[in-house]
Number of protein chains: 2
Amino acid sequence: MNFYGNSLTILIEELAKLPSIGNKSAQRLAFHIISLPEEKVLSLSSAIINAKKNIKHCSICHNISDNDICHICKSSKRNKNIIMIVEDSRDMAAYERTREFKGLYHVLHGSISPMHGIGPDEIKIKELVTRVGTNDNIEEIILATNPNVEGEATAMYIVKLLKHFDIKISRIAHGVPVGSDLEYIDEITLARALEGRLKVN
Amino acid sequence: MNFYGNSLTILIEELAKLPSIGNKSAQRLAFHIISLPEEKVLSLSSAIINAKKNIKHCSICHNISDNDICHICKSSKRNKNIIMIVEDSRDMAAYERTREFKGLYHVLHGSISPMHGIGPDEIKIKELVTRVGTNDNIEEIILATNPNVEGEATAMYIVKLLKHFDIKISRIAHGVPVGSDLEYIDEITLARALEGRLKVN
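Residues numbered from 1 in each chain as written. Chains lettered and ligands numbered in written order. Predicted model: local features only at pLDDT ≥ 70, side-chain atom pairs only at ≥ 80, totals over all residues. Heavy atoms only, no water.

Caption draft 1: Just unusual backbone geometry, in detail. All names here are of chain A. Here the phi dihedral of serine 20 falls at roughly 65 degrees; this positive angle occurs in a residue that is not glycine. Within the fold, serine 20 resides in the loop between helix H1 (6–16) and helix H2 (23–35). Phi is positive for histidine 62, close to 70 degrees, though the residue is something other than glycine. Mapped onto the fold, histidine 62 is located in the loop between strand E1 (56–57) and strand E2 (64–65). Residue classification places histidine 62 among the buried residues on the basis of a relative accessible area of 11%. (Helix = DSSP H or I, 4+ residues; strand = E, 2+ residues; numbered from the N terminus. Buried < 20%, exposed > 50% of the residue type's maximum accessible area, 1.4 Å probe, protein only.)

Caption draft 2: How the structure looks around the packing of helix H1 (residues 6–16) of chain B against helix H2 (residues 23–35) of chain B. Residues and elements named next belong to chain B. Contact geometry for H1 and H2: axes closest at 8 Å, N-to-C directions at 130 degrees. The angle between the axes of H1 and H2 places the two elements in the oblique class. Between H1 and H2 lies a crossing whose hand is right-handed. The residues of H2 that touch H1, namely those facing Leu8, Leu11, Ile12, Leu15 and Ala16, are Asn23, Ala26, Gln27, Leu29, Ala30, Phe31, Ile33 and Ile34. Taken together, the residues that form the contact of H1 with H2 break down as 11 nonpolar, two polar and no charged. (Axes fitted to C-alpha atoms, helices over the stretch in contact; angles between N-to-C directions. Parallel < 35°, antiparallel > 145°, perpendicular 65-115°, else oblique. Left-handed = near helix turned anticlockwise from the far one by under 90°. Contact = heavy atoms within 4.5 Å. Nonpolar A, V, L, I, M, F, W, Y, C, P; charged D, E, K, R; others polar.)

Caption draft 3: Structural detail: the sheet that holds strand E4 (residues 103–107) of chain B. Residues and elements named next belong to chain B. Strand order in this open sheet of four strands is E4-E3-E5-E6, and the pairing throughout is parallel. Looking along the sheet, the strands with just one partner apiece sit at the ends: E4 and strand E6 (168–171). In this sheet, adjacent strand axes meet at a mean angle of 25 degrees when their direction is disregarded. One ladder, built from four bridges, connects strand E3 (residues 79–86) with strand E5 (residues 140–143); its direction is parallel. Among the inter-strand pairings, methionine 84 is bridged to a residue of E5, identified as isoleucine 142. The strands that helix H5 (residues 89–98) touches are E3 and E4; relative to E4, the one it contacts most, it runs at about 160 degrees. (Pairing = 2+ DSSP bridges.)

Caption draft 4: Just the pattern of salt bridges, in detail. Residues and elements named next belong to chain B. Taken as a whole and judged by the stated rule, the model has 12 salt bridges over all chains. With a shortest N-O distance of 3.9 Å, lysine 56 and aspartate 68 are connected by a salt bridge. Within this pair, whereas lysine 56 is found in strand E1 (residues 56–57), its partner aspartate 68 is found in the loop between strand E2 (64–65) and helix H4 (71–74), the two being separated by 12 residues in sequence. A relative accessible area of 52% means that aspartate 68 is categorised as exposed. (Salt bridge = Lys/Arg side-chain N within 4 Å of Asp/Glu carboxyl O.)

Caption draft 5: View of the pairing of E4(B). All names here are of chain B. Among the five residues of E4, five are classified as buried, and the element is accordingly described as predominantly covered. As paired strands, E3 and E4 are joined by five bridges and run parallel to one another. By the bridge assignment for E4, valine 86 is matched with valine 107. The parallel pair E3 and E4, bridged by H5, forms a crossover whose chirality is right-handed. (Right-handed = clockwise from strand over helix to strand, strands pointing away.)

Caption draft 6: Seen up close, the interface of chain A and chain B. With 54 residues of chain A at the interface, the matching set in chain B holds 54 residues. Where chain A touches chain B, the interface holds zero salt bridges. The tally of links from chain A across to chain B stands at 16 residue pairs in polar contact (both at pLDDT 80 or more). Counting residues per element, the ones that place at least two in the side of chain A that touches chain B are H1, H2, helix H3 (38–54), E2 and helix H5 (89–98) of chain A. Broken down by element, the side of chain A that touches chain B gets its largest block of residues, 14 residues, from H3(A). Taken together, the residues of the side of chain A that touches chain B sort by class into 27 nonpolar, 16 polar and 11 charged. (Polar contact = N/O pair within 3.5 Å; in protein donor to acceptor, adjacent residues only side chain to side chain.)

Right, dumping it as structure tokens:
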């Protein structure tokens, strides 16, 4: 229902199309936006346009970037012999926040999921094989796809494709999350944590 | 930290400035936006600009509108002799959704709140007095400010200002909300519901 005139109603409708924004939140956001000074509204709206316009995929790792080659692939401080394979740029960002990984990434932009009609050709697997095949310095591939059915299937598929290269391929460890409470952790994770136990003495 | 290049990082920062949007939600929204087709991104961004640009206050009731006079004040189907006073256009919309009120509104755009430095002059009270003073047909003023300290104070202040006009002034009823559970309702509301009890036989 149009209580506020067209412009505000259209804005509320547009905001309500965004994920996890319901009608009430859209209304609250819209009222907030119209209460902002004009330059702030302009900078929000141009951030939206510019992000859509400027964003491309790094031609090496397919990470999201403003440039043809992303800042990680371009950096001289990274170890170019190790590649971590992630499903998504957000997973890359999650690993970057740890500051523990100094290699390069390969962003698949998805995982193999026959349920959703996503096969190996829909994600950047061919590009990975080409990248590995044309780069003699790669020493290790770390599979950091998600620890769920699709992520595991994708990891296994990649292992199969890359096994004829003479490269170490590893998978990030499954186990109990740090800070968690054993009684709430599912059996499969507990079993994996037991399986992957490390000697401490 | 800039993991995704400038454009996307700026968008995430802009979105995170919105109320109740944290960093994680901003990131999710930003990724959603860049995954949209270009025309949808344009329509979101222009909805933002247009809402800010086109929105004005109705010169009669101060409701938010695209026009000088809002569709409610303009309508020939409304009873122009009854005015409901609300704090905010959203409260107006809430009453419109009931489809029970056929009069006009007066939107104060706030409530008197000395704690937040908002006095009677910061909200549309002068405009209300002028409106009532220059309009001989008004029969009733319904005070529908919020049932909290500021809303009650604002209502009382308006009663004082308008009492020399020969107009009925009423306040929406306090009581137990429909569909609620008595055991969870605060004592003041229960006391007001008792006080305002209606004869049913």
